[in-house]
Amino acid sequence: MAEKKTTTKAAATKAAGEKKATTKKAAAKKAEIVINAESVGFKAGDVYQALFQAEKAMAVKDIAKAAKITEAETLLGMGWLFKEGKIKDEEGLITLA
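To keep things clear, this report deals only with the structure shown in the data block. All values reported here derive from a predicted model rather than from experimental measurement.

Thresholds applied
Residues numbered from 1 in each chain as written. Predicted model: local features only at pLDDT ≥ 70, side-chain atom pairs only at ≥ 80, totals over all residues. Heavy atoms only, no water. Helix = DSSP H or I, 4+ residues; strand = E, 2+ residues; numbered from the N terminus. Contact = heavy atoms within 4.5 Å. Buried < 20%, exposed > 50% of the residue type's maximum accessible area, 1.4 Å probe, protein only. Pairing = 2+ DSSP bridges.

Mapping T74 onto the fold places it in helix α4 (residues 71-84). In this structure, T74 is in contact with V47, V60, I63, A64 and I69, ignoring residues within four places of it in sequence.

Moving on, we get to the environment of K56. For K56, the location among the structural elements is in the loop between α2 (37-54) and α3 (60-67). Looking at K56, the relative accessible area reads 53%, which means it is exposed. In the structure, K56 is positioned 37 residues away from L93 in sequence and 9.3 Å away in space, judged by C-alpha atoms. Residues in contact with K56, not counting those within four places in the same chain, are L51, I94 and T95.

This part covers the pairing of strand β1 (residues 87-90). Both β1 and strand β2 (residues 93-96) contribute to a ladder of four bridges, which runs antiparallel. What sits directly across from K88, in β2, is T95. Here β1 folds back onto β2, and the loop between the two strands holds two residues, one of which, E91, carries a positive phi near 55°.

Below is the structure:
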């Protein structure tokens, strides 16, 4: 005769507990932003080129997308360009000065 396997509630709980213990979510790593004169200057160039090619005022997120950089890097570059007087704020959007 064929034997039937019986599973107890304790065994099922133990197996489920082991599965939970081995399944861990990997923490997402945040990209580090290098802040020095050279890297910020390059980001400023990326922002300037994105605005120049668009030929219109843009929001920060649109500039970041066009320049293919993060919003944080976009803000760094914008700070550089604001200081130099190369860009200005027009009704909440950024445009070349």
